[in-house]
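# Overview (structure and organization)
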Amino acid sequence: MTPEHIALTDADLREVAAFALASAEEVLHLAEERLPGDPRPREAVEAARAFVAGEPRSRRQRVAALDAHRAAGAAESGAGHHAAMAAGDASASAYLHPLAQATQVGHILRATAHAARALELVADDPEAADRHLREAVARATSVLLDVLRRYPTAPTGRTRVALLMSDLDRRLRARR
C-alpha cells in the first residue's frame, strides 16, 4: 500500500525540475516564435532554471507557471500552445507535492509530454513525439526514477498529452 505522504527532499525536487526543464528548454523557441514579444514562457523557464541552480522555491515559480499557462491560451498554433505549457509545467514542477496521488505525477511528466506534443505538431509526425519520449527516458537519472516510483502511476486520459504522459510514465517505470 502506498503511504499517504511521500518523503521528498529539496534535491529530489530539483531533480524533478531539471528533468522537466530539459524538455521545456528544447521547445522554448517554438513558444517564442509563435508568441512574439511575450516573455512569459521564457520567464517560466528562467524561474525553473533558478530553482534547479539552487535558489529556494518561491512565489516566482508559481507565478511564472501560471503566466506561461495563460500565454499558452493566447497561442494561435498548437505547437506554441504546448511549448508554452511545457515552460509553465517546468516552473510548476518545483511544487511537486508529497501526496501519494496519481495526479501529482503530472508535476514530474507533464512538461515532457507537452514538449513531445509540440514537436509532434511541428513535424506533423507522431514519431517526433516518440523520439522525444525516448530521449527523456534516456536522460532520466536514478533519482528521478526513484521519485517517480514513489507515486502511483500517471492517471489515464484521452487527450494526446495525457496519452503521451501515460506512455512516458510506463517507459520510465520499466527502465532499470
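Before reading on, note that the structure itself is shown above.
Thresholds, definitions, all that
- Residues numbered from 1 in each chain as written.
- Predicted model: local features only at pLDDT ≥ 70, side-chain atom pairs only at ≥ 80, totals over all residues.
- Heavy atoms only, no water.
- Helix = DSSP H or I, 4+ residues; strand = E, 2+ residues; numbered from the N terminus.
- Rg over C-alpha atoms; globule rule 2.2 N^0.38 Å.
- Buried < 20%, exposed > 50% of the residue type's maximum accessible area, 1.4 Å probe, protein only.
- Contact = heavy atoms within 4.5 Å.
- Areas by Shrake-Rupley, 256 points an atom, 1.4 Å probe, with all protein chains shown as cover.
- Lys, Arg positive; Asp, Glu negative; His and termini not counted.
- Charge placed at Lys NZ, Arg CZ, Asp CG, Glu CD.
- Axes fitted to C-alpha atoms, helices over the stretch in contact; angles between N-to-C directions.
- Left-handed = near helix turned anticlockwise from the far one by under 90°.
- Nonpolar A, V, L, I, M, F, W, Y, C, P; charged D, E, K, R; others polar.
- Phe/Tyr/Trp six-rings, centres within 6.5 Å; stacked < 30°, edge-to-face > 60°.
- Lys NZ or Arg CZ within 6 Å of the ring centre and 35° of its normal.

## Observations regarding the overall build of the chain
A count of helices and strands for the chain gives eight helices and zero strands. Shown N-terminal to C-terminal, the secondary structure of the chain runs as helices and strands in the order α-α-α-α-α-α-α-α. Rg of the C-alpha trace for the chain: 15 Å, near the compact-globule value of 16 Å for 176 residues, within the 12% margin. Taken along the three principal axes of its C-alpha coordinates, the chain extends 45 × 35 × 25 Å. Counting the 176 residues in the chain, one finds 48% classified as buried. Excluding contacts between residues fewer than 6 apart, the proportion of contacts in the chain whose partners are at least 24 apart in sequence is 75%. Working note: accessible area of the chain is about 8,100 Å², and carbon and sulfur atoms make up 53% of it. Charge centroids of the chain, computed over 24 positive and 24 negative side chains, lie 4 Å from each other.

## Considering the packing of helix α1 (residues 10-34) against helix α5 (residues 105-123)
Two elements in contact, α1 and α5, have axes whose closest approach is 8 Å; the angle formed by their N-to-C orientations is 30°. Crossing angle aside, the handedness with which α1 passes α5 is left-handed. Residues V16, F19, A20, S23, E26, V27, L30 and R34 of α1 form the contact with α5, whose own contacting residues are H107, I108, L109, A111, T112, A115, A118, L119 and V122. For the contact of α1 with α5, the per-class residue count stands at twelve nonpolar, three polar and two charged.

## Brief notes about the packing of aromatic side chains
By the definition in use, this model includes zero aromatic pairs. The ring of F51 has R14 lying over it, and the distance from NZ or CZ to the ring centre is 4.4 Å. The positively charged end of R139 is found above the aromatic ring belonging to F19, 4.6 Å away from the centroid.

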